[in-house]
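# Descriptive analysis of the structure
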Amino acid sequence: MKHYLMESTAVLQDQATTKNGLDEEQVSLRRQQYGLNKLEEGKKKSLFAKLWDQISDPMVIVLIVAAVISGVVGEIADAVIILMVVVLNAILGVVQEGKAEKAIEALQKMASPYSKVRRNGQVMMIKSEEIVPGDIVLLEAGDAVPADMRIIEASSLKIEEASLTGESVPVDKSCEVIATAADDVPLGDRHNMAYMGTNVVYGRAEGVVIATGMSTEMGKIANIISTTEEEKTPLQKKLASLSHVLSACVIGICVFIFVFSVLENGGFHGGHVLEMFLTAVSLAVAAIPEGLVAVVTIVLSIGVTKMSKRNAIIRRLTAVETLGCTQVICSDKTGTLTQNKMTVVDTFGEQQELAVSMALCNDAYLAEGNGEAVGEPTENALVRFALAQGIVKGELEKARPRVAEAPFDSTRKMMSTVHRLENGQFIQYTKGAPDELLQRCTRMLTSEGVVPLTEELRARVLEENKRMAGKALRVLGSARREWEQFPAEISPENLEQDLTFIGLVGMIDPVRPEVMAAIRQCRQAGIRPIMITGDHRDTAVAIAKELELITDESQAITGTELSKFTDEEFEEKVTQYSVYARVQPEHKVRIVNAWKKRGKITAMTGDGVNDAPALKSADIGVGMGITGTDVTKNVSDMVLADDNFATIVYAVEEGRRIYDNILKAIQFLLSSNLSEVVSLFVATLMNFRLFSPIHILWINLVTDSLPAIALGLEGAEPDIMEKPPRKPEEGVFAHGLGVDVIYQGMTIALLTLLSYLFGSRHSHLTGMTMAFFTLSMCEIFHSLNMRSRTKSIFRLHSHNRYLLGAMLSSFILTMLVIYIPGLNTIFKLAALSRIEFLVAIGLAFAIIPLVEAVKLVKGGLANG
């Protein structure tokens, strides 16, 4: 039912209630029918379910099988180490907590715990959760609205709805039916409705409850949040794809080796089967980059810590790399692009007297201590305006104390205050809508003094009003009236006539000063900014033009117009619009989803409850830390601690840097794994055992992981924000990464096998140790190559001290497991002689000039 289009008497009849409220029997029956007035809690995933998500990955399953085989054949140390890797990765995954239940809890906190209702003709305080449809609720300034209701009585009522609709100033409310020929009215224009989670800032009212709990507008948002599916980020999808590919390769290689060994040895033999199993386990462990997930997580975590120091708080690690490929940013206007602080930006009339009148005919005040204006946003703006002219309201009121007033109401659209002057006479100030105010004025204050308000002067005032309104300013007029004695009757009819017009002020919620530059940087980086707001179209268009988001009004659309499109139609037209005005929560979700269906990685910024569903639907949700609600923060992937749109630009740059470095780490680790697989494969074909599983795990988890993490700290390329966002469908092996992995892995495998052959002339154990040392050192030296995938390391003008430290640490640890007696026995290694050491490390160092030569050739071909 569209209760806002119905007379209040019809709404009462529809809800089977009266102004005296429900009786206890009706309340009991309705509570059984509708339940408590509270939001349902989101479904929480059990710990077992979270763990299962982690261990059901194909790569993890292969590792578990490898651990079981190792345990069965007596290699207990190998089995324990493999299982420890599995457990560690599972714990890292489970730590990523769900957000839906937290968002619902925050929404619940927004509802007031107690409310004033009338039942059986008696006014009483009850818990808000006990309210049922049909209850008569009494509201006054300071109350949180406990349920959705149709207002049936109102006096100077103003409700702050920014968290629900995005409206930047409190909305005037009344009990009058909305007269419209339209089928529907946007949420922000329903002046006779009050919604759960909004706040009364002025006046009083009575309303009949028409929806409670999950049936309220707030409940609909809660439902969208709880039912929105979490989507995997581009990096998660790529790593999952890589996991499947590697797992398939592992199984294929192991089956091949098994069949080859059986055929070569003429069937199954006890000792041979054991050796086959150990070879299969070694291959499985070699093919899987056990440290990859941990390295990616650590690199992301370090990036998160760095970003937090620049006011970008990351709530979900994988959101970092998603930021790096963001193509569209849908930003809420109020509080994100603008300051959420109404400000006087234009005036007409005698400035000093205008400031005096706006300060006195005003219920806001300056707080002691910090001097901040406290009150309704529009009136706060006027008090700050007066202060800028050197007029302190508190001091002015001492000289001209208020003695009477005619409060604002939405019918006459003005308010008046009467003040006692030091000479014993009185002065009245009136402010309100310019067109209404002018009708009550007969004179005008000018630079020459007070003159009759001629038609010419009246036309000039109206022209100024039109000029300000054309810039989407909220315009208020001011007038005064002098009284020799205290007015005989304090009523609007008596006070608000025969006035002297003073002037006009134009106010707007101004843009943040840093936003313009941030939007230009977004465009330079190939990112399209979109404004989404609950404000009126004119205001949205004015702000958008100022920010150079649009050049023509046709690039803006309202929520009502958007509702007329089917999802398919809107998906086709979505690129035509950069501004969306008077939108509702479901519109924001449609906008985000339309961009996503076009294959765009979409971010959504916002601070109000109305932004929460779209933030959760977006590839990355960006909440505001200062003005943002708990609901918004809880569903966000990233929170801006300074509410600064420009921080997003820094976060995007950091996201791109981190992703580039993760690709370097992936190439580095996979080339290592490939070299292990190739060298083990060749060794098997040549009928000797090159490595044990413990050797491979050591290289993968210790020797490789430290340099890989250090690569994640490499600085950004100078032109990183001058490139368009990478395509989300772009695979891990794009731009030649796959080819690089293959040739580098094959090269390292060849150097490793050469080292084994040199050492095996002394003994198999010496050959295995030399191969282990060469492979370990080769990876350490190769990490230097990976500082840049295309540029020579001798042309890099920066230094990575973390990488140098990681290389030294890996070298020392490798030397310890080779040369410390007892430890080398556990690792099945032997101390090397000086010649063996020099040959092994010399072969390892050869990876640098070999890769440098390939870079030189590839660079020449690219330039040619």
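Rules used in this analysis
Residues numbered from 1 in each chain as written. Predicted model: local features only at pLDDT ≥ 70, side-chain atom pairs only at ≥ 80, totals over all residues. Heavy atoms only, no water. Helix = DSSP H or I, 4+ residues; strand = E, 2+ residues; numbered from the N terminus. Buried < 20%, exposed > 50% of the residue type's maximum accessible area, 1.4 Å probe, protein only. Contact = heavy atoms within 4.5 Å. Areas by Shrake-Rupley, 256 points an atom, 1.4 Å probe, with all protein chains shown as cover. Core = buried A, V, L, I, M, F, W, Y, C linked by side-chain atoms within 4.5 Å. 1 Å grid on protein atoms, 1.4 Å probe; cavity = no way out; pocket = protein on both sides within 12 Å on 5 of 7 lines; lining within 4 Å. Points joined across faces, edges and corners; volume = space filled by probe spheres on them. Nonpolar A, V, L, I, M, F, W, Y, C, P; charged D, E, K, R; others polar. Arc of directions from axis to C-beta. Polar contact = N/O pair within 3.5 Å; in protein donor to acceptor, adjacent residues only side chain to side chain. Pairing = 2+ DSSP bridges. Phe/Tyr/Trp six-rings, centres within 6.5 Å; stacked < 30°, edge-to-face > 60°. Lys NZ or Arg CZ within 6 Å of the ring centre and 35° of its normal. Salt bridge = Lys/Arg side-chain N within 4 Å of Asp/Glu carboxyl O. Axes fitted to C-alpha atoms, helices over the stretch in contact; angles between N-to-C directions. Parallel < 35°, antiparallel > 145°, perpendicular 65-115°, else oblique.

Looking only at helices and strands, the protein chain features 35 helices and 25 strands. Every one of the 864 residues in the protein chain was classed for burial, and the buried ones make up 55%. Put simply, 73% of the contacts in the protein chain that link residues at least 6 apart link residues at least 24 apart. For the protein chain, the accessible surface area stands at approximately 36200 Å², while carbon and sulfur atoms represent 57% of it.

Glancing now at the nonpolar core. Among the nonpolar cores identified, the biggest contains 121 residues, and Met307, Met531, Leu547, Met638, Phe645 and Leu690 are the most heavily contacted of them. Among the elements that make up this core, the one with the highest residue count is helix H27 (residues 645-685) (17 residues). Val11, Met218, Val589 and Val592 belong to the second-largest nonpolar core, a separate cluster that totals 46 residues.

Once that is clear, we can look at the layout of surface pockets. Each pocket or cavity is described by its volume, and for the second largest pocket that value is around 1200 Å³. Taken together, the residues of the lining of the second largest pocket break down into 16 nonpolar, nine polar and 16 charged.

Let us now look at helix H20 (residues 515-524). Taken together, the buried positions of H20 are Val515, Ala518, Ile519 and Cys522. All buried residues of H20 lie within an arc of 100° about the axis, which places them on one face of the element. Looking at the packing, one finds that the buried side of H20 touches strand S9 (328-332), helix H13 (333-337), strand S20 (528-532) and H27. Positive backbone phi, approximately 80°, marks Gly526, located one or two places after H20.

So, about the environment of Ser675. Here Ser675 lies in helix H27. Overall, Ser675 belongs to the buried group, its relative accessible area being 0%. In this structure the C-alpha to C-alpha distance between Ser675 and Ile742, which are 67 residues apart in sequence, comes to 8.7 Å. At a separation of 2.5 Å, a polar atom in the side chain of Ser675 contacts the main-chain carbonyl oxygen of Ser672.

Our focus in this paragraph is the pairing of strand S18 (residues 474-483). Counting buried residues along S18, eight of its 10 residues qualify, which places the element largely inside the surrounding structure. Pairing of strand S15 (residues 426-432) with S18, which is carried by seven bridges, proceeds in the antiparallel orientation. When the sheet's bridge partners are listed, Tyr429 is paired in S18 with Arg480. Inspection of the sheet shows S18 paired to strand S19 (residues 499-508) by seven bridges, in the antiparallel sense. Considered in S19, the bridge of Ser478 is made with Gly503.

Right, let's talk about the side chain of Thr774 for a bit. Here Thr774 shows up in helix H31 (residues 764-785). On the basis of relative accessibility, which here comes to 0%, the residue Thr774 falls in the buried class. Side chain to side chain, Thr774 and Ser755 meet in a polar contact 2.6 Å long. Apart from residues lying up to four places away in sequence, Thr774 is in contact with Leu751, Thr752, Ser755, Ala840, Leu843 and Ala844.

Evaluation of the coordinates by the stated rule reveals seven aromatic pairs. Relative to Tyr580, the ring of Tyr577 has its centre 6.3 Å away and its plane inclined at 65°; by these criteria the two rings are edge-to-face. For the pair shown, Tyr577 and Tyr580 are each scored as buried. Among the aromatic residues, ring-to-ring pairing joins Phe570, Tyr577 and Tyr580 into one connected group. Its end group placed over the ring of Phe408, Lys158 keeps NZ or CZ at 4.8 Å from the ring centre.

Applying the stated criterion to the full structure yields 33 salt bridges. The shortest N-O distance in the salt bridge between Glu482 and Arg480 comes to 3.8 Å. The exposure class assigned to Glu482 is exposed, which follows from its relative accessible area of 59%. Salt bridges sharing partners connect three or more residues here, namely Asp346, Glu464, Arg467 and Lys471.

The next subject is unusual backbone geometry. The backbone phi angle of Lys413 is positive, close to 60°, even though this residue is not glycine. Looking at the secondary structure, you find Lys413 in the loop between strand S13 (402-409) and strand S14 (414-420). The phi angle at Glu548 is positive, at roughly 60°, despite the residue not being glycine. Following the sequence through the fold, Glu548 ends up in the loop between helix H21 (537-546) and strand S21 (556-558).

Mapped onto the secondary structure, Thr703 falls in helix H28 (residues 693-703). Apart from the residues within four sequence positions on either side, Thr703 is in contact with Trp698, Ser776, Ile780, Ser810 and Thr814.

Our focus in this paragraph is the environment of Thr769. Mapped onto the elements, Thr769 comes out in helix H31. Judged by its relative accessible area of 0%, Thr769 falls in the buried class. Separated by 13 residues in sequence, Thr769 and Tyr756 place their C-alpha atoms 7.8 Å apart. A polar contact is formed between the side chain of Thr769 and the backbone nitrogen of Ala830, at a distance of 3.0 Å.

One can describe the packing of H31 onto helix H32 (residues 801-819) by two numbers: an axis separation of 10 Å at closest approach and a directional angle of 175°. Taken together, the axes of H31 and H32 are roughly antiparallel relative to one another. Taken together, the residues of H32 that come into contact with H31 (itself represented by Thr769, Phe772, Phe773, Ser776, Met777, Ile780, Ser783 and Leu784) are Leu803, Met807, Ser810, Phe811, Thr814, Met815, Val817 and Ile818. Residue composition of the contact of H31 with H32, by class: 11 nonpolar, five polar and no charged.

Turning next to the sheet that holds S20. Strand order in the open sheet made by the eight strands is S8-S25-S24-S23-S9-S20-S22-S21, with mixed pairing throughout. Either end of the sheet is taken by a strand with one partner, and the two such strands are strand S8 (312-314) and S21. Within this sheet the neighbouring strands show an average axis-to-axis angle of 20°, counted without direction. H27 contacts S8, S9, strand S23 (602-606), strand S24 (620-624) and strand S25 (638-640) of the sheet and is inclined by roughly 135° relative to S25.

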